Amino acid sequence: MLRFALTQTVSVTITMAVVLSLVFVAMRALPGDAAAILGGLDTEQAQVEAIRRDLGLDRPLLAQYGAYWGQLLRGDLGSSIRERRPVTSVIMDRLPVTLSLAAFAFTLSLAVGIGLGMLAGRTRGSATDGTTLAFTTVGLALPEFWLGFLLILLFAVQLGAFPVIGYPVEGDIGVRLWHLTLPAVTLAIPRAAQIARLTRARVLEAMAAEYVRTARSKGVAPRGVTRHVAANALPGLLPLLALELGGLITGTIVVEQVFGLPGLGLTLLGSIGARDYPVVQGVTILAVTVYIGVNWLADLLQLVSDPRLRFE
Amino acid sequence: MNRARIGTLLATLIVASALVGPLLVPHDPIRPNYLVRYAAPSAEHWLGTDGLGRDVLARSLAGGRVSLAITLGATALAVLLGLATGLAAAGLRGLTDVVLTRGFDALLAFPGFLLVLLLVTILGGGVWQTVLALGVAGSPLFFRLVRAYTRSELRRDYVLAGTALGASRARLLFRHALPNFLGALAVQAASTAATFLLVEASLSFLGLGVPLPTPSWGNVLQDARSYLTRQPWAAMGPGLVLATAALSLQFLSDGFRDRLDRASR
């Protein structure tokens, strides 16, 4: 098992190196001249050249690539052109909003997704199962931003129960959660649908196993059967859960835009619009690191929670 | 009625409305008409008009053409890229296989929406650019699928028999192995198309996909966002059609899978 975990980790490190190199290439492929953008309008050619030298953009590509890795390993993501301060501090300012939203949405989708999936799988063919199937089918087909519109119209405009858009700069946790509720529900519905669908399939697989028949024939109560089924079905969900959780750090982009939440997503969009490429690069690096990291953790967790995998 | 039938029916309705609809609505989807801004639904404008006085129904129908064409093009591109590279990796093995597999793994290591977003930013917004970005971002999935299926098919006895009879490598790949998993590809392609439809709408909603004034379901809904509380109906029509289109593709995918499962039994 240790050996497997080690190979896994080496493989992840290689992937990470390839991906970060891809990010370097992608950032150089973005349209526009960083030095000219930094200089602004009405800048003399000589000044632009000076800025280019300062940024190190006049050096050979390979030297820039080396410098890029040097910076990365020191945890330095460069400076924002628009805000004239380190990218790390820009990210740190916006990260809490996105992280709270992602955590809120993920908790909701886990609770609803696994709950519904287990229920539907245990009561195959029932009305509950049918309703769950309808929910998962529709939930997956709804465009996130449009779902946001519907929730805004119903709960914010008609009922006045939640704010339409915005997020308080200050305020206690209750107020913040109140502002995050509709965005989190918007994000959670398609993800819960996805999780419920897979949970149901895994539960059905587990229910068909012979140990379930044995347990039933010796008179184990339904609750006990559910426990056995869950222990066998749930570790198989980890890869999907990791994809969903890791994707949320940028998966919030659309919803942040709909609800006007000042998180990483809005920062990324604004930076793309303003050609503030150091910030685009910083957010991208953070997003892929989290995504790869979470998936790697899920692989290890699956190994720990499913002993059968250790012998494969 | 089974899912495949419902899916086919809905998809046909939506494609037909996108093809024929714009011919039946007597309003220009692009030219502004400032005399009738923000009109409520009426016999003249079924879904009302937007902030530039353009008929929302006309824009939704014309937008459907653009959104559906992008989805179709991007799905075809993703499948073709996946087929070409997947068959090459499984057929040639060796270094080709290692390089292709590592490369696509690196693409898969990006959160999907972020990858599309970066590609569209690099390529610049537009219909063709969106098709290219979606197609490239979607190709790793098809690469993996095609590579895995081809490898398992190539291990079968009929391939050995074919080789013994002197069939060429290309003939074995294209004439014998490929037809055996086209069904599985169709299942994935329909499901991917549903995702692409929603992603394209999100991109255009963010102003990064189809540039204005060309309508697409995403940017028609972006317009509707700005006067959502005043005219909710402008967001309802196109949104419902978009969701129905995605649903029909998902149904088609499920229907294909059911048919495959029955056939293999």
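Everything below is about the structure printed above this text.
Quick look at the structure, then.

**Things to note about the packing of aromatic side chains**
All names here are of chain A. Counted under the stated rule, the structure contains eight aromatic pairs over all chains. Pairing Phe145 with Phe149 gives two aromatic rings, centres 6.0 Å apart and planes at 70°, and the pair type is edge-to-face. Here Phe149 and Phe145 lie together in helix 7 (residues 144-158), a separation of four residues that amounts to about one turn. The two residues Phe145 and Phe149 agree in class, both being buried. Joined through ring pairs, the aromatic side chains of Phe24, Tyr65, Tyr68 and Trp69 make up one cluster.

**Overview of the pattern of salt bridges**
Residue and element names in this part refer to chain A. All chains considered together, the criterion is met by ten salt bridges over all chains. Here Glu205 makes a salt bridge to Arg202, at a shortest N to O gap of 3.4 Å. On the criterion of helical spacing, the pair formed by Glu205 and Arg202 is a turn pair, its members being three residues apart in helix 8 (residues 173-207). Overall, the relative accessible area of 26% leaves Arg202 in the partly exposed class. A cluster of three or more residues bridged by salt bridges with shared partners is formed by Glu144, Arg191 and Glu244.

**Looking at a nonpolar patch on the surface**
Where nonpolar side chains cluster on the molecular surface, the patch consists of B:Val15, B:Leu19, B:Val20, B:Leu23 and B:Leu24 and spans about 510 Å² of accessible area. Mapping B:Leu24 onto the fold places it in helix 1 (residues 3-24).

**Remarks on the interface of chain A and chain B**
The interface of chain A with chain B comprises 43 residues on the first partner and 37 residues on the second. Among the residues chain A hides against chain B, the three largest losses belong to A:Phe145, A:Trp146 and A:Phe149. Together they make up 18% of the total. Remark: the boundary between chain A and chain B carries one salt bridge. Connecting chain A to chain B are one residue pair in polar contact (both at pLDDT 80 or more). Counting residues per element, the ones that place at least two in the side of chain A that touches chain B are helix 1 (2-29), helix 6 (127-141), helix 7, helix 11 (238-251), helix 12 (253-259), helix 13 (264-273) and helix 14 (277-305) of chain A. In terms of residue count, helix 1 of chain A provides more of the side of chain A that touches chain B than any other element does, ten residues in total.

**Considering helix 11 of chain A**
Residues and elements named next belong to chain A. Taking 1.5 Å per residue as the helical rise, helix 11 with its 14 residues ought to reach 20 Å, and the 18 Å between its terminal C-alpha atoms agrees with that figure. Here helix 11 lies mainly inside the structure; eleven of its 14 residues are buried. Looking only at helix 11, the buried set comprises Leu238, Leu240, Leu241, Ala242, Glu244, Gly246, Gly247, Leu248, Ile249, Thr250 and Gly251.

**Comments concerning the nonpolar core**
Side chains of nonpolar character tend, in soluble globular proteins, to be buried together. Grouped together as the largest cluster of nonpolar side chains are 140 residues, with contacts concentrated most on A:Phe145, A:Phe149, B:Leu117 and B:Leu206. Looking at this core element by element, the count peaks at 16 residues for helix 7 (residues 169-205) of chain B.

**A look at helix 7 of chain A**
All names here are of chain A. With 15 residues, helix 7 extends 20 Å between its outermost C-alpha atoms, agreeing within 8% with the 21 Å of an ideal straight helix rising 1.5 Å per residue. Largest kink in helix 7: about 30°, centred on Ile152. What helix 7 keeps buried is the set Glu144, Phe145, Trp146, Leu147, Gly148, Phe149, Leu151, Ile152, Leu153 and Ala156. Looking one or two residues beyond helix 7, the residue adopting positive phi is Gly160, at roughly 65°.

Rules used throughout
- Residues numbered from 1 in each chain as written.
- Chains lettered and ligands numbered in written order.
- Predicted model: local features only at pLDDT ≥ 70, side-chain atom pairs only at ≥ 80, totals over all residues.
- Heavy atoms only, no water.
- Phe/Tyr/Trp six-rings, centres within 6.5 Å; stacked < 30°, edge-to-face > 60°.
- Helix = DSSP H or I, 4+ residues; strand = E, 2+ residues; numbered from the N terminus.
- Buried < 20%, exposed > 50% of the residue type's maximum accessible area, 1.4 Å probe, protein only.
- Salt bridge = Lys/Arg side-chain N within 4 Å of Asp/Glu carboxyl O.
- Patch = residues over 30% accessible without salt bridge, like charges linked within 9 Å, V, L, I, M, F, W, Y side chains within 5 Å.
- Areas by Shrake-Rupley, 256 points an atom, 1.4 Å probe, with all protein chains shown as cover.
- Contact = heavy atoms within 4.5 Å.
- Buried area = accessible area lost by both parts, 1.4 Å probe.
- Polar contact = N/O pair within 3.5 Å; in protein donor to acceptor, adjacent residues only side chain to side chain.
- Expected span 1.5 Å × (residues − 1).
- Core = buried A, V, L, I, M, F, W, Y, C linked by side-chain atoms within 4.5 Å.
- Bend = angle between axes of the 7 residues up to and from the residue.

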